[in-house]
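Analysis of the macromolecular model
Chain by chain, the residues:
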Amino acid sequence: MKKVSFVVVGAGSRGGIYAKYILEHPDEAEVVAVCEPRDEARERLADAHNIPANMRFKDWRDIADRPRLADAVCICTQDSMHKDPAVAFAKLGYHILLEKPLAPTVEDCKVICDAAKEYGVMLAVCHVLRYTQRARLVKRMIDEGRIGRIHSLQQLEPVGYWHQAHSFVRGNWRNEAESSFMLLAKSCHDLDLINYFMPSQCNRVSSFGSLSHFTHANQPKGAADRCTDCPESIESQCPYSALKIYLRDRADAFDTWPANILTMDATEESVRHAVETGPYGRCVYACDNDVVDHQVVNMEFLDGATATFTMCAFNKGGGREIYIMGDRGTLRYTDAGVELYDYLTDTTTDLTAQTGDGQITSGHDGGDTGLMESFMAALRTGAPSLIASGPDISYASHAMVFAAERSRRANAVVEIDAQ
């Protein structure tokens with residue numbers, strides 16, 4: 001079996017996950033170079049993979065200036081930093097694993113997809129939900145006609161109160177100018193999954209949503225702008241307190257997400273210091289966030305089917321819930337597994353229990369692993385059909401997201417051009 005070589009550009013949380021998969025499969029793949037501007041993150045990943053000093057870079061351009069170093073590149077930079085490296089590495093002949101979303105604008109998304117096709121390289125966008133065994137099971141049931149023709153789909157993304165506070169109020173995806181709008185940053189996964197399940201193309205959307213809670217107007221009277229400075233009588237009653245989320249709720253697991261995002265060496269002392277001095281200790285009502293905290297999207301497809309999607313911060317968090325309604329049966333997709341209800345027999349079947357498809361323990365319900373397995377198989381065999389999230393499919397999913405956001409802002413039904 002041919003060993004696949006990788007360059008990792010971006011040694012943060014997502015880059016680290018894909019690199020970890022490679023590390024755990026040394027007979028199949030290897031990381032030969034890493035690029036990361038933060039010294040500690042770069043050196044930690046490079047040391048784990050025994051990468052020589054001359055293959056450790058701060059700027060991806062220093063790699064792009066050289067002849068091709070590897071079969072493929074993992075681009076896991078921030079959202080607004082995808083287009084330039086993706087195009088540059090495509091020109092050099094690197095196959096590309098690109099963290100979602102493609103880019104913050106539909107124009108840049110098209111540039112990336114066109115570059116991959118022009119230079120004949122494989123592009124796998126990290127829509128990892130397509131690669132879970134659970135999603136593949138649902139898709140197989142649909143394709144086999146087990147629920148007949150789909151007429152409607154409902155999907156819920158319960159972001160979670162603490163996840164919203166961490167990533168989209170205090171964190172890297174809080175501000176559209178620095179990253180992207182909420183539906184693209186968090187929920188392009190979801191609209192892509194809807195696109196995966198629905199047999200027809202989405203042709204128009206409407207959307208509503210706003211930032212309604214995490215604003216200065218909702219800051220309790222007497223609260224401080226940093227949680228460690230807040231009066232105990234107010235801080236102790238705030239579910240979004242950084243002291244609660246990163247310290248009290250993680251008392252036995254400081255080295256797990258999200259506490260380990262605050263500091264490279266996550267201990268109680270270092271996490272507390274980060275809360276006292278860094279951006280993750282800010283009051284959620286005194287940040288520079290502007291992305292929405294709840295949104296709904298209504299979709300119509302060319303065959304007349306409809307779908308609805310809800311993203312909301314105000315819940316416990318957890319897995320997505322999907323209800324697919326056909327004219328012969330229904331499918332339910334939840335954390336518990338996949339259920340098929342058949343109208344003819346009036347029976348409910350737990351498909352997950354029958355197939356064992358629910359026995360997944362890795363990231364994104366096994367999607368991270370499924371993506372890497374599919375991408376490496378495509379590279380070894382030269383078969384892009386093994387990639388379920390190639391350029392054309394991913395561009396179509398992104399087109400739905402951008403159309404929905406235009407609808408929300410314009411308060412209008414928007415037609416989709418997925419070309």
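Below, the structure is looked at part by part.

Conventions we followed
Residues numbered from 1 in each chain as written. Predicted model: local features only at pLDDT ≥ 70, side-chain atom pairs only at ≥ 80, totals over all residues. Heavy atoms only, no water. Pairing = 2+ DSSP bridges. Helix = DSSP H or I, 4+ residues; strand = E, 2+ residues; numbered from the N terminus. Contact = heavy atoms within 4.5 Å. Axes fitted to C-alpha atoms, helices over the stretch in contact; angles between N-to-C directions. Parallel < 35°, antiparallel > 145°, perpendicular 65-115°, else oblique. Left-handed = near helix turned anticlockwise from the far one by under 90°. Nonpolar A, V, L, I, M, F, W, Y, C, P; charged D, E, K, R; others polar. Disulfide = S-S within 2.5 Å. Buried < 20%, exposed > 50% of the residue type's maximum accessible area, 1.4 Å probe, protein only. Core = buried A, V, L, I, M, F, W, Y, C linked by side-chain atoms within 4.5 Å. Phe/Tyr/Trp six-rings, centres within 6.5 Å; stacked < 30°, edge-to-face > 60°. Lys NZ or Arg CZ within 6 Å of the ring centre and 35° of its normal.

1. Side note on the sheet that holds strand E10 (residues 306–312)
Taken in spatial order, the 9 strands line up as E14-E13-E12-E11-E7-E10-E9-E8-E15 in an open sheet, and their pairing is mixed. The sheet is open, and its two edges are formed by strand E14 (347–350) and strand E15 (414–415), each paired on a single side. Examined bridge by bridge, strand E9 (residues 294–301) and E10 share 7 bridges and lie antiparallel to one another. Bridge pairing in E10 places Val296 opposite Thr310. Across the face of the sheet, helix H6 (residues 133–143) comes into contact with strand E7 (150–158), strand E11 (321–326), strand E12 (329–334) and strand E13 (337–342) while running at roughly 175 degrees to E12. Sheet contacts for helix H8 (residues 182–197): E7, E9, E10 and E11; angle to E7, the most-contacted strand, approximately 150 degrees.

2. Examining the packing of H8 against helix H15 (residues 391–410)
Viewed as axis vectors pointing N to C, H8 and H15 meet at an angle of 120 degrees, and their least axial separation amounts to 9 Å. If you check the angle between H8 and H15, you find them oblique. Where H8 crosses over H15, the two elements pack in a sense that is right-handed. Across the interface between the two elements, Leu183, Leu184, Cys188, Leu191, Asp192 and Asn195 from H8 touch Ile393, Ala396, Ser397, His398, Met400, Val401, Phe402, Ala404 and Glu405 from H15. Here the residues of the contact of H8 with H15 are counted per class, giving 10 nonpolar, 3 polar and 2 charged.

3. Some thoughts on the state of the cysteines
Per the stated rule, a full pass over the model turns up 0 disulfides. Free of any disulfide, Cys109 has its nearest cysteine sulfur in Cys113, 6.7 Å distant. For Cys109, a relative accessible area of 0% puts it in the buried group.

4. Quick notes on the packing of helix H1 (residues 13–23) against helix H14 (residues 367–381)
Interaxial distance between H1 and H14 falls to 10 Å at its minimum, and their mutual angle equals 60 degrees. Taken as axis vectors, H1 and H14 run oblique relative to one another. Between H1 and H14 lies a crossing whose hand is right-handed. Only Asp368, Thr369, Leu371, Met372, Glu373 and Met376 of H14 make contact with H1, whose side of the interface consists of Arg14, Ile17, Tyr18, Tyr21 and Ile22. Of the residues assigned to the contact of H1 with H14, the class counts are 7 nonpolar, 1 polar and 3 charged.

5. Focus on the nonpolar core
Of all hydrophobic cores here, the largest spans 110 residues; its most connected members are Phe6, Phe197, Met299, Ile324 and Leu331. Counting residues per element, this core draws most heavily on H8, at 10 residues. In this view, Met299 contacts Leu191, Ile194, Cys202, Arg204, Val205, Ala305, Thr306, Ala307, Thr308, Phe309 and Met400; residues no more than four positions away in its chain are not counted. In terms of nonpolar packing, the next biggest core, distinct from the first, is built from 24 residues, Phe214, Tyr240, Cys283 and Cys287 among them.

6. Focus on the packing of aromatic side chains
With the rule as written, the count across this model stands at 13 aromatic pairs. With 5.6 Å between their ring centres and 65 degrees between their planes, Trp162 and Trp257 make a pair best called edge-to-face. With Trp162 in helix H7 (residues 161–169) and Trp257 in the loop between helix H10 (242–248) and helix H11 (259–262), this pair connects stretches of sequence that are 95 residues apart. Exposure remark for Trp162: the relative accessible area of 21% places this residue in the partly exposed category. According to the relative accessible area criterion, Trp257 is partly exposed, its value standing at 36%. Members of the aromatic cluster, joined through ring pairs, are Tyr161, Phe214, Tyr240, Tyr285 and Phe314. One residue, Lys139, lies across the ring of Tyr196, its end atom 5.4 Å from the ring centre. The residue whose ring lies beneath Arg250 is Trp162, and the NZ or CZ to ring-centre distance is 5.3 Å.

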